[in-house]
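The lines below spell out each chain.
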Amino acid sequence: MNRFAAMYDAYNGVYPKRTISNYPPYTAPELCPIPTRPSAPPENYACDIWSLGATAYRLLYGNPPFLGVDEECTYKRICGKKLHFPDTPKVSKKAKDLLEKMLSKDLKKRPTAREVLKNPWIRNFDQNKLERFNVTEADVLNAVTTRSWE
């Protein structure tokens, strides 16, 4: 299961404060807790595109793209190993092209969410319905609630 979240400060604004992943195979290279990770600005959404790409890869091939025998090995593979596509199952060139872009180690080369949606591999998406939306502080505050268990 992919557990990935951007942590928000719901009391002081809607901007992400830091991004975490508690499942290493979906962690973007710039977030790996190893010395060889690439540097990146602390607040960016490219890591979300990476996580989505790793999820799509797993859905297509059955395993995350850089899975190692343990966490440290996985992080080293994420930061240092070239992306590999298994021979089976057969996956289209368009799908592989999108995955290569989403799983680029250079976060500046990763597509935006809008670019992912416009990619030729993504089918049956009505581009006319692609609208920009704004999230207000009230939206964030209303989305976060506290519950008490009875």
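Shown above is the structure to which this text applies.
Residues numbered from 1 in each chain as written. Predicted model: local features only at pLDDT ≥ 70, side-chain atom pairs only at ≥ 80, totals over all residues. Heavy atoms only, no water.

### Observations concerning the environment of Gly68
As for its placement among the helices and strands, Gly68 is situated in the loop between helix 1 (46-61) and helix 2 (71-80). A relative accessible area of 19% places Gly68 in the buried class. C-alpha of Gly68 to C-alpha of Ile78: the two residues are ten residues apart in sequence and 9.2 Å apart in space. Other than its neighbours up to four places away in sequence, Gly68 contacts Cys73, Thr74 and Arg77. (Helix = DSSP H or I, 4+ residues; strand = E, 2+ residues; numbered from the N terminus. Buried < 20%, exposed > 50% of the residue type's maximum accessible area, 1.4 Å probe, protein only. Contact = heavy atoms within 4.5 Å.)

### Side note on the nonpolar core
Trp50 and Tyr57 are the most contacted members of the largest nonpolar core, which totals 20 residues. Those elements giving two or more residues to this core turn out to be helix 1, helix 2 and helix 3 (93-102). Among the elements that line this core, the one with the most residues is helix 1, at six residues. For Trp50, the residues in contact, after removing those within four places along its chain, are Tyr26, Thr27, Ala28, Pro29, Phe66, Ile78, Met102, Leu103, Ser104, Lys105 and Arg110. (Core = buried A, V, L, I, M, F, W, Y, C linked by side-chain atoms within 4.5 Å.)

### Examining the packing of aromatic side chains
Counted by the stated rule, this structure contains four aromatic pairs. Relative to Phe85, the ring of Tyr61 lies with its centre 6.0 Å away and its plane at 40°, an arrangement referred to as tilted. Here the residue Tyr61 occupies a position in helix 1, and Phe85 occupies one in the loop between helix 2 and helix 3, the gap between them amounting to 24 residues. Phe85 carries the same exposure label as Tyr61, and that label is buried. Across the ring face of Phe66, the terminal group of Lys105 is positioned such that the distance to the ring centre comes to 4.1 Å. (Phe/Tyr/Trp six-rings, centres within 6.5 Å; stacked < 30°, edge-to-face > 60°. Lys NZ or Arg CZ within 6 Å of the ring centre and 35° of its normal.)

### Section: the pattern of salt bridges
Throughout the structure, instances matching the rule amount to three salt bridges. Between Lys76 and Glu72 there is a salt bridge, with the nearest N and O atoms lying 3.1 Å from each other. Placement of the pair is Lys76 and Glu72 together in helix 2, with a separation of four residues, close to one helical turn. Judged by relative accessible area, which is 49%, Lys76 ranks as partly exposed. (Salt bridge = Lys/Arg side-chain N within 4 Å of Asp/Glu carboxyl O.)

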